[in-house]
Structures are given as structure tokens and as C-alpha cells.
Amino acid sequence: MKKKNNFGFTLAEVLITLGIIGVVAAITIPALISACNKIIIENRLRQTNAIILQAFKQYQADEGDSTLSQEVYDDADQAGYSFKYSKAFFEKYLGNSFNTKMQYPQGTFFPIYSASGKTKYSKDNTQINTVFYLLNNGTVLGVIRNGNYDGARVWVILNPQKKKLRSGKDVFQFEYVSDGVSGYYEYSPYVRKTYSNSMRNQYINACKSETQLPLNYMTAAQFCTFLILQNNFKVPKDYPVKL
């Protein structure tokens, strides 16, 4: 009687194969997730910025004016922050440019943390007076208008459902300020004038800072956004936030 050959795998071989697969997965999956996050961040920031700048340009073309209206609302604080003003600003200048699902109630506070996730930033008057909208693509857009200067700040929150929103990963912030001549820019004239390669380390440190306003009264999220914007909306190699 002929003996049948057994071509099956032994238990040891199966376990070794599974171990190799696990090691490969542990190495490649985080890299794939990080690459995917980079693409999402770059595309959302680029698209949001383009829509806002186009909305400002359209307003300027229609009205022949390069400055935003300076209005006073009865809920404004000493710094000029006003929820009513922020809402009116969004509806007047940006409302027709974004597809919104809903407006969050006044006083909505998102759990924004430092880039490391170690420090939860406090609820300040800027968030209290920010009007937040949920867009059709799942992004939350927050607009805060300060009546004391010709500009506005715009929060971009990519994962609003998360319990811990990290600056530079889930939360970004643009600042739009007019120079009164050629229109609006996606960051303030002060930053444009003062930034240089020699200051880059300061901006990187500000992006990953545990402090809410690490430099020049700007949020950590603003510095993270600036680093990406400055690199033509590509996450730079020296970006300090793990994605």
C-alpha cells in the first residue's frame, strides 16, 4: 500500500506566516493612514481657502470695495468679538459659497487640544463668539469676526466627532486680513512681512506648543496652518505634528 504524501502546513509554519503578516501590517498600516491623513488635510485646507478667497473677490468685484463692513452689535465684548457679527459676516460674505447642513448653537465649544494631545485649551471669548457650521463634506467651519479690525478668523475642524481634537491634525485656523489695497490674504499682513527662514523654528515650536496662544496672539492651529500654506498647501517634511 502506497503512503500518501501530506502537503499541508504545520502549525509552526502557520504561526510564523501570521507573525510575518502582523509585522508587515504594523509597519505599513500606520504609514498608509498618515499618508491618507496628509492628503485629506491638504485638500480640505486648499479647497476651503480657495472658496473663501473667491467669495471675498466676488464681493469686492460687486461692491468695488476691498474692506469689510465695520458694524457694531449689542452683544460685542470689549475686544469687539460678537456672535451676531460673526453670523452676519458669514451670511453676507460666505454663506452662498458653502453648502451647510446645520448651524451649531451659540456657545458651542469643541474640545481642542495641543498637537500632542496633552493639553486641553480653555474656552475663550473667540470660541464663544464663533459661529460654527457643519458642511456637507463633514468639515466644521467656524467664523469669528472681530469688530476692531478689518479681518476674520476661520476655524477648519476636520473630525468634529472626536472627543479630542488635536491642533495641526484635526483643527486648523486661517486668518484673513485686508491690506486695504489689493484685497484679502489667507494670513495677516504682519505674518507675511515678518516670516523668514530664520524664524521657521519659532513657527514650528508655536505649532506644537502646549500654550493656546504661543506667539503674536495667534493660536497654535494658526501656526500649523501657516506651515502648510507656506509650502503651497503641502504638509512639509519638518511638520511637527504626527498625522
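Scroll up for the structure.
Residues numbered from 1 in each chain as written. Predicted model: local features only at pLDDT ≥ 70, side-chain atom pairs only at ≥ 80, totals over all residues. Heavy atoms only, no water.

Undergrad: Please give an account of the overall build of the protein that cites residues and values.
TA: Scanning the protein from N- to C-terminus turns up six helices and eight strands. Residue pairs at least 24 apart in sequence account for 59% of intrachain contacts in the protein once pairs closer than 6 positions are excluded. When the accessible surface of the protein is totalled, it reaches about 13300 Å², and 55% of it is carbon and sulfur. (Helix = DSSP H or I, 4+ residues; strand = E, 2+ residues; numbered from the N terminus. Contact = heavy atoms within 4.5 Å. Areas by Shrake-Rupley, 256 points an atom, 1.4 Å probe, with all protein chains shown as cover.)

Undergrad: Describe the nonpolar core, with residues and values.
TA: By size, the foremost hydrophobic cluster in this structure holds 44 residues, and its most contacted members are Leu45, Leu94, Phe172 and Tyr239. The set of elements that each furnish at least two residues to this core consists of helix H1 (11-63), helix H2 (83-94), strand S3 (131-135), strand S4 (140-145), strand S5 (151-157), strand S7 (171-178), helix H5 (200-207) and helix H6 (220-230). In terms of residues, this core owes the most to one element, H1, which gives seven residues. With near-sequence residues (within four places) excluded, Phe172 lies in contact with Ile41, Leu45, Val154, Trp155, Val156, Leu158, Ala221, Thr225, Ile228 and Tyr239. If you look at the next biggest cluster of nonpolar residues, it comprises 13 residues, including Phe132, Leu134, Ala220 and Ala221. (Core = buried A, V, L, I, M, F, W, Y, C linked by side-chain atoms within 4.5 Å. Buried < 20%, exposed > 50% of the residue type's maximum accessible area, 1.4 Å probe, protein only.)

Undergrad: Residue-level account of the packing of H5 against H6, with values.
TA: Interaxial distance between H5 and H6 falls to 7 Å at its minimum, and their mutual angle equals 130°. Taken as axis vectors, H5 and H6 run oblique relative to one another. The handedness of the crossing between H5 and H6 is left-handed. On H6, the residues touching Arg200, Tyr203, Ile204, Ala206 and Cys207 of H5 are Ala220, Phe223, Cys224, Phe226 and Leu227. By residue class, the composition of the contact of H5 with H6 is nine nonpolar, no polar and one charged. (Axes fitted to C-alpha atoms, helices over the stretch in contact; angles between N-to-C directions. Parallel < 35°, antiparallel > 145°, perpendicular 65-115°, else oblique. Left-handed = near helix turned anticlockwise from the far one by under 90°. Nonpolar A, V, L, I, M, F, W, Y, C, P; charged D, E, K, R; others polar.)

Undergrad: Now, about the pattern of salt bridges: what can you tell me, with residues and values included?
TA: When the charged atoms of two side chains with opposite charge come close together, those side chains can pair. Across all of its chains, the model carries four salt bridges by this definition. A salt bridge links Glu175 to Arg153; the nearest nitrogen and oxygen atoms lie 4.0 Å apart. Highlighted residues: Glu175 in strand S7 and Arg153 in strand S5, separated in sequence by 22 residues. Residues Glu175 and Arg153 agree in their burial class; the two are buried. Asp170 is the partner of Lys162 in a salt bridge, and the nearest nitrogen-oxygen pair spans 3.1 Å. (Salt bridge = Lys/Arg side-chain N within 4 Å of Asp/Glu carboxyl O.)

Undergrad: Summarise the packing of aromatic side chains; cite the residues concerned and give the values.
TA: Summed over all chains, the structure comprises 10 aromatic pairs. When the ring of Phe90 is compared with that of Tyr133, the centres are 4.1 Å apart and the planes differ by 20°; the resulting orientation is stacked. One end of the pair, Phe90, is in helix H2; the other, Tyr133, is in strand S3, with 43 residues separating them in the sequence. Given a relative accessible area of 3%, Phe90 falls into the buried group. Classification of Tyr133 by relative accessible area gives buried; the value is 6%. Between Tyr203 and Phe223 the ring centres are 5.1 Å apart and the planes differ by 85°, which places this aromatic pair in the edge-to-face class. Taken together, the residues span a long stretch of sequence, with Tyr203 in helix H5 and Phe223 in helix H6 at a distance of 20 residues. Phe223 gets classed as buried once you look at its relative accessible area, which sits at 0%. The rings of Phe56, Phe89, Tyr93, Phe174 and Tyr176 are connected pair by pair, giving a single aromatic cluster. Directly above the aromatic system of Tyr113 lies the positively charged group of Lys164, at a separation of 5.0 Å from the ring centroid. (Phe/Tyr/Trp six-rings, centres within 6.5 Å; stacked < 30°, edge-to-face > 60°. Lys NZ or Arg CZ within 6 Å of the ring centre and 35° of its normal.)

Undergrad: Give a description of the side chain of Thr108 that names residues and reports values.
TA: Tracing the sequence through the fold places Thr108 in the loop between strand S1 (100-103) and strand S2 (112-113). Overall, the relative accessible area of 15% leaves Thr108 in the buried class. Polar side-chain contacts of Thr108 include one of 2.6 Å to the backbone oxygen of Pro105. Not counting the four nearest positions on each side in its chain, Thr108 is found in contact with Gln127 and Phe132. (Polar contact = N/O pair within 3.5 Å; in protein donor to acceptor, adjacent residues only side chain to side chain.)

Undergrad: So what's going on with the side chain of Thr139? Which residues, and what values?
TA: Its place among the elements puts Thr139 in the loop between S3 and S4. For Thr139, a relative accessible area of 1% puts it in the buried group. Engagement of the side chain of Thr139 in a polar contact is seen with the side chain of Arg44, the distance being 2.7 Å. Apart from residues no more than four positions distant in its own chain, Thr139 is found in contact with Arg44, Tyr133, Leu134, Val156, Ile157 and Leu158.

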